[in-house]
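In case you want the letters, here they are:
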Amino acid sequence: MTQKTFKSKAAKEFASQLDVNGDNEIDDLEIMERKIRLENDNAKQDQQRYMVWFSAVSVTAYIAVLMTDLVPLDRLDHLSSIGSTWVLSNMGIIGAFIASSAFVRNGKG
Ligand SMILES: [Ca+2]
């Protein structure tokens, strides 16, 4: 096995992050752990995007259905209290996602 050299400081820092146990060697287990961690982070971010899309689409559909004649006026009172909670909680999910994305993008997270 040949010794690898790193030309840039960023590459050296990245390699030092891969060396989890600090023995100055990057073995297969450390690379596999990094790969699994990246795959898990990617899956988690996909899940968050799906959740936000579901929230946005479901709130839009809820409001659209309320605007039609599908819901009789006498049933609207029953739906208004749970509907406002539904809309506000979903808007909270969307807002939290947007805020956390901006926070991470700005390099603070
Ligand atoms: Ca190591």
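Rules of the game
- Residues numbered from 1 in each chain as written.
- Predicted model: local features only at pLDDT ≥ 70, side-chain atom pairs only at ≥ 80, totals over all residues.
- Helix = DSSP H or I, 4+ residues; strand = E, 2+ residues; numbered from the N terminus.
- Rg over C-alpha atoms; globule rule 2.2 N^0.38 Å.
- Buried ≥ 20, exposed ≤ 12 C-beta atoms within 10 Å, placed from the backbone.
- pLDDT = per-residue confidence, 0-100.

### Comments concerning the overall build of the protein
Along its length, the protein carries 3 helices and 0 strands. The globule rule puts the C-alpha radius of gyration for 109 residues at 13 Å, and the 24 Å found for the protein is more than 25% above it. Principal-axis analysis of the C-alpha atoms places the extent of the protein at approximately 75 × 25 × 20 Å. In the protein, buried positions account for 1% of the 109 residues.

### Description of unusual backbone geometry
Even without being a glycine, Asn-24 presents a positive backbone phi close to 60°. Relative to the elements of secondary structure, Asn-24 occurs in the loop between helix 1 (9-18) and helix 2 (28-67).

### Overview of the confidence of the model for the protein
Per-residue pLDDT for the protein averages 90, and the proportion of residues at 70 or more is 97%. Per-element confidence in the protein ranges from a low mean pLDDT of 88 for helix 1 to a high of 94 for helix 2.

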